[in-house]
Structures are given as C-alpha cells and as structure tokens.
Amino acid sequence: MRELRARLGRIPGGLRRIRPPRTRRGQRRAFQAVVVLSVLALLPATWLNATAGSRVRTVADVPAAPVAVVFGAGLWNGAPSPYLAHRLDAAARLYRDGRVRAVLVTGDNSRRDYDEPDAMRGYLVRHGVPARRIVSDYAGFDTWDSCTRARRIFGVDRAVLVSQGFHIRRALALCEAAGIDAYGVGVAADHDVTWAYGGVREIFAAGKATAEALLRPDPHFLGPKEKGLAQALR
C-alpha cells in the first residue's frame, strides 16, 4: 500500500484530477471530440485512396511504361522476404510481358550486412530479367526517398510501381508529388499478421505522406545524378 501511494504521488496532479464526464452534456461533448479526432486522423488515408485509387491495376492490364519501380520490403537471412518476392515476381512478369523495359529496385543499404537492392537484383536475374536491365537505388530508405530519388537521380518520369495493395496507393501519391506519371500494381498478399500490421501502419504513414507530398523535402541522401537507367533503356 505504501509503495502504491508513493507511485501515485509521482503522477502529475493534473492527471490525477482527470475524471470522465458525468453529465450527459459532458459525455456528448467528449464523444464529439473523439469523432472529430478520428475523422482528422483518417483524412490523410482518405486522401491517398481518392488520389491514387483509379491508378491501381493488375499485372495483366496496367499500361506499359519504360520502367517498373519495385520498393523494398525486407530480407530474411539475406534473401527477399515473401512479401518482397511477390513484388519481384510481378516485376519479372511485367518485363517478360513487354510492359516495361527496365526495372529499378529501390531499398535500404544503410548497413554493410543489409543490402535490399542487391538481393532484389539477384532474385530478378534468377527469374529471367537480364542484369543489364536492372538498376539499383541503394538509398531508398522510405517511400518518399525512393520516389523523389527515382525522379531526381535516375530521371524516371513515367513508371509502373509495384508493391502490396495496402502500400501501393501511398507510393502512387508520393511518386505523383515527386513528378512521376505512374500506375501501380497492387500485388496480392496473404491476410496474415504482416498484412494486418501493414494495413494499420498505413493509417499512420498516411499523415507523414501527406506532409511529404505538400512540403517535398530532400531525401535522406540525394547525391549526383546517375545514368544507369538511361543505359538500361537503350
């Protein structure tokens, strides 16, 4: 009991005095406040769906473009995770079907022991995409960085974006803000724990994406322009 009192004593006085509203008027105002906050929290996600929803297609019906942009999605023991492998399978099919002529793989290589782009490149080569048609972006630390670097560093102005359905609308909205005319392929995914986490994460990521689309900040690493994609398209 003494320990409990000591802990309560450390709680700020203002918090200790918080009580749920007891009158109907107070309860109604509290409910309205919760509704308003919920609407504000969901506005960015609603904006993403409204902005990019019409540009989500399948591998079979997406319009052709010079390049497919594949976003990293994690490695398992140095190899693409199942979610990333599904994205790469879709990109390989886009290449085989003639809908794209090159593939830009963009991911995280911030540590020596973690190299998403090289793992993605190796997977694509094993699945029939010539190495000369694959270009790597080693500084795609998040979706905005991948989009703005694709435009500013690699010169992408038209592309097919490849990701899971829960992420593709955010990628489309951010690439549009970066100056890329894009359609997206929403790759199917098992409705497992990862899928559920990704869906919830997108609600919170939508707010950050809205700010990035409005402010258009520089990526974490910009660097000089690269000619690799132009060479791959020749």
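Note that the coordinates shown come from a computational prediction; the quantities given were computed from them, not determined experimentally.

Calculation criteria
- Residues numbered from 1 in each chain as written.
- Predicted model: local features only at pLDDT ≥ 70, side-chain atom pairs only at ≥ 80, totals over all residues.
- Heavy atoms only, no water.
- Axes fitted to C-alpha atoms, helices over the stretch in contact; angles between N-to-C directions.
- Helix = DSSP H or I, 4+ residues; strand = E, 2+ residues; numbered from the N terminus.
- Parallel < 35°, antiparallel > 145°, perpendicular 65-115°, else oblique.
- Left-handed = near helix turned anticlockwise from the far one by under 90°.
- Contact = heavy atoms within 4.5 Å.
- Nonpolar A, V, L, I, M, F, W, Y, C, P; charged D, E, K, R; others polar.
- Disulfide = S-S within 2.5 Å.
- Phe/Tyr/Trp six-rings, centres within 6.5 Å; stacked < 30°, edge-to-face > 60°.
- Buried < 20%, exposed > 50% of the residue type's maximum accessible area, 1.4 Å probe, protein only.
- Lys NZ or Arg CZ within 6 Å of the ring centre and 35° of its normal.
- Polar contact = N/O pair within 3.5 Å; in protein donor to acceptor, adjacent residues only side chain to side chain.
- Core = buried A, V, L, I, M, F, W, Y, C linked by side-chain atoms within 4.5 Å.

Trainee: Just to check I follow, could you spell out the packing of helix H6 (residues 143-152) against helix H7 (residues 165-178) for this structure?
Mentor: Any two packed helices are characterised by the angle at which their axes cross and by the distance between the axes. Relative orientation of the contacting elements H6 and H7 amounts to 40 degrees, with a least axis distance of 9 Å. Compared by their axis directions, H6 and H7 come out oblique. The crossing of H6 and H7 is right-handed. Between H6 and H7, the contacting residues are Thr-143, Trp-144, Cys-147, Thr-148 and Arg-151 on the first element and His-167, Arg-170, Ala-171, Leu-174, Cys-175, Ala-177 and Ala-178 on the second. Grouping the amino acids of the contact of H6 with H7 by side-chain chemistry returns seven nonpolar, three polar and two charged.

Trainee: Please explain the state of the cysteines as it appears in this structure.
Mentor: Here, disulfide denotes a covalent bond that connects the sulfur atoms of two cysteines. Counted by the stated rule, this structure contains one disulfide. A disulfide bridge connects Cys-147 with Cys-175, and the sulfur atoms are separated by 2.4 Å. Handedness of the Cys-147-Cys-175 disulfide follows from its S-S torsion of about -80 degrees: it is left-handed. Within this pair, whereas Cys-147 is found in helix H6, its partner Cys-175 is found in helix H7, the two being separated by 28 residues in sequence.

Trainee: Where do I start with the packing of aromatic side chains in this structure?
Mentor: Working definition: an aromatic ring pair is given by the centre-to-centre distance plus the angle between the planes. Tallying each qualifying case throughout the model produces one aromatic pair. Taking the centre distance of 6.3 Å and the plane angle of 40 degrees together, the rings of Tyr-83 and Phe-166 count as tilted. You can see Tyr-83 sitting in helix H4 (residues 82-96) and its partner Phe-166 sitting in helix H7, a full 83 residues away along the chain. Tyr-83 sits in the buried class, given a relative accessible area of 10%. For Phe-166, a relative accessible area of 24% translates into the label partly exposed. One cation-aromatic arrangement involves Arg-55 over Tyr-183; the distance from NZ or CZ to the ring centre is 4.6 Å.

Trainee: Would you take a moment to explain the environment of Ser-81 for this structure?
Mentor: Within the secondary structure, Ser-81 is located in the loop between strand S4 (79-80) and H4. Taking the relative accessible area as the measure of exposure, Ser-81 reaches 4% and is therefore buried. The residues contacting Ser-81, other than those within four sequence positions of it, are Ala-73, Gly-74, Leu-75 and Trp-76. Of note is the side chain of Ser-81, whose polar atom sits 2.9 Å from the backbone oxygen of Ala-73.

Trainee: Whenever I open this one, the nonpolar core confuses me. Can you help?
Mentor: Judged by nonpolar contacts, the single largest core of 28 residues is most densely connected at Val-70, Leu-88, Leu-94 and Leu-124. Residue assignment for this core shows that the elements contributing at least two residues are strand S2 (67-71), H4, strand S5 (102-106), helix H5 (116-126), strand S7 (158-164) and strand S8 (181-187). Element by element, the count of residues in this core is highest for H4, at eight residues. Discounting residues that sit within four places of it in the chain, Leu-124 has contacts with Leu-88, Ala-91, Ala-92, Val-103, Val-105, Val-129 and Ile-134. Of all hydrophobic cores here, the second largest spans 27 residues; its members include Val-67, Cys-147, Ala-150 and Ile-168.

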